[in-house]
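As a plain string of letters, each chain reads:
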Amino acid sequence: MNKIQQFNDMHFSEELLFLGNAWDLLSALTLEKAGFKAIGTTSWGIANSLGYADGELIDFQRHLEIIKNITQNVKVPVSADIEAGYGEDTETIVENVLRTADTGVAGINIEDSYKKQNGLQEIAKHCSLLNNIRTALENHGYKDFYINARTDTYLQKQNPLLETIERAKAYVESGASGIFVPGLIAEDEIKEFTINVKAPLNVLSLPGLTNCKNLKDLGVRRFSFGNALSDKIIAYLEKNASELIALMDTAHLYENEHEKK
């Protein structure tokens, strides 16, 4: 079974798909070693690791090389976060999706928010883009490639449930494999979504939304933690680096050494 089909099947298995979000090869290999069955890249984490803010500020080829390096060195399926596609027009975005697929990933995340202004793409326009992406993938031999269509309604709108469901249905009809709704937290709204949208729902870990078993019971099929782990690692690095300078002593770097022996 190829990785695209394997990754697709993970969204319909007995277990909820708990995705490990990586930002470089070391983090990806560590997550794989820990037991994660699939890796998703985090654009925020990748940008942060290169000294940038999130928001398509990295050269796309540089971003692609990190994705490729991860894909070529882990055995589990990888899904690439390509934000809104790194392009101002459909042709460029479709080409970038194909370039991403060529790295060996099993799927992508692509969102409906603008990068250089607030607001969301018009539904019809984004549906047209998704349809063009799906057609191009099929024409290049990437059958069943997983398009996780992210909608940022909960990050930008008041009382967004009905619009979220409307967008989700339209995106699925236009070729999306599943829907990613960061910011969706309320249990009743998660249930309402899963009843109305017949495609796997991906939610993002947030305070109060953390438990895989609870999410599975609500009908969620995929759970990711985005940049939460990379942020925690960076905070740990900053804390220890500050202590080295403040104390002018390296003793705290070895505090847990006895536990390893």
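Residues numbered from 1 in each chain as written. Predicted model: local features only at pLDDT ≥ 70, side-chain atom pairs only at ≥ 80, totals over all residues. Heavy atoms only, no water.

(A) Structural detail: the overall build of the chain. When helices and strands are counted, the chain shows 12 helices and 8 strands. Relative to a compact globule of 261 residues, whose C-alpha radius of gyration would be 18 Å, the chain shows 19 Å and is just as compact. If one aligns the C-alpha atoms of the chain with their principal axes, the spans along those axes are about 60 × 40 × 40 Å. A buried classification covers 49% of the 261 residues belonging to the chain. Taking the contacts inside the chain whose residues are at least 6 apart along the sequence as the reference set, 64% of them involve residues at least 24 apart. Looking at the chain as shown, the accessible area adds up to about 13500 Å², and 51% of this sits on carbon and sulfur atoms. Separation of charge centres in the chain, based on 26 positive and 37 negative side chains, amounts to 4 Å. (Helix = DSSP H or I, 4+ residues; strand = E, 2+ residues; numbered from the N terminus. Rg over C-alpha atoms; globule rule 2.2 N^0.38 Å. Buried < 20%, exposed > 50% of the residue type's maximum accessible area, 1.4 Å probe, protein only. Contact = heavy atoms within 4.5 Å. Areas by Shrake-Rupley, 256 points an atom, 1.4 Å probe, with all protein chains shown as cover. Lys, Arg positive; Asp, Glu negative; His and termini not counted. Charge placed at Lys NZ, Arg CZ, Asp CG, Glu CD.)

(B) Seen up close, the packing of helix α4 (residues 60–73) against helix α5 (residues 90–101). For the pair α4 and α5, interaxial distance at closest approach is 10 Å and the crossing angle is 25°. Relative to α5, the element α4 lies roughly parallel. In terms of crossing hand, the pair formed by α4 and α5 is right-handed. Counting all contacts with α4, which are made through F60, Q61 and L64, the residues of α5 involved are N96, R99 and T100. Taken together, the residues that form the contact of α4 with α5 break down as 2 nonpolar, 3 polar and 1 charged. (Axes fitted to C-alpha atoms, helices over the stretch in contact; angles between N-to-C directions. Parallel < 35°, antiparallel > 145°, perpendicular 65-115°, else oblique. Left-handed = near helix turned anticlockwise from the far one by under 90°. Nonpolar A, V, L, I, M, F, W, Y, C, P; charged D, E, K, R; others polar.)

(C) Expanded view of unusual backbone geometry. Even without glycine at this site, D144 takes up a positive phi of about 65°. With respect to the secondary-structure elements, D144 resides in the loop between α6 (123–139) and β5 (146–150).

(D) Focus on the pairing of strand β3 (residues 78–81). Of the two faces of β3, the one carrying V78 and A80 and the one carrying S79 and D81 are both buried. Both strand β2 (residues 39–41) and β3 contribute to a ladder of 2 bridges, which runs parallel. Each residue of the ladder has a partner; that of G40, found in β3, is S79. Relative to strand β4 (residues 107–111), β3 runs parallel, the two being bridged by 3 bridges. Bridge assignment links S79 to a residue of β4, and that residue is G107. Handedness of the crossover joining β3 and β4 through α5 is recorded here as right-handed. (Pairing = 2+ DSSP bridges. Right-handed = clockwise from strand over helix to strand, strands pointing away.)

(E) Just the sheet that holds strand β7 (residues 201–204), in detail. An order of β1-β2-β3-β4-β5-β6-β7-β8 is seen for the 8 strands of this closed barrel, with the pairing classed as parallel. Along the sheet, successive strands turn relative to each other by an average axial angle of 25°, direction set aside. Of the pairings in the sheet, the one linking strand β1 (residues 17–22) to β2 comprises 3 bridges and is parallel in character. Across the sheet, the residue bridging to A22 is T41, located in β2.

(F) Here's a closer look at a negative patch on the surface. Together, D89, E91, E95 and D102 give the surface a local cluster of negative charge. Relative to the assigned elements, D89 resides in the loop between β3 and α5. Residue classification places D89 among the partly exposed residues on the basis of a relative accessible area of 37%. (Patch = residues over 30% accessible without salt bridge, like charges linked within 9 Å, V, L, I, M, F, W, Y side chains within 5 Å. Salt bridge = Lys/Arg side-chain N within 4 Å of Asp/Glu carboxyl O.)

(G) Layout of the side chain of T151. Position of T151 among the secondary structure elements: in the loop between β5 and α7 (153–156). Residues within four places of T151 in sequence aside, it is in contact with D112, T164, R167, Y171, I179, F180, V181 and P182.

These results come straight from atomic positions and should not be treated as a statement about function.
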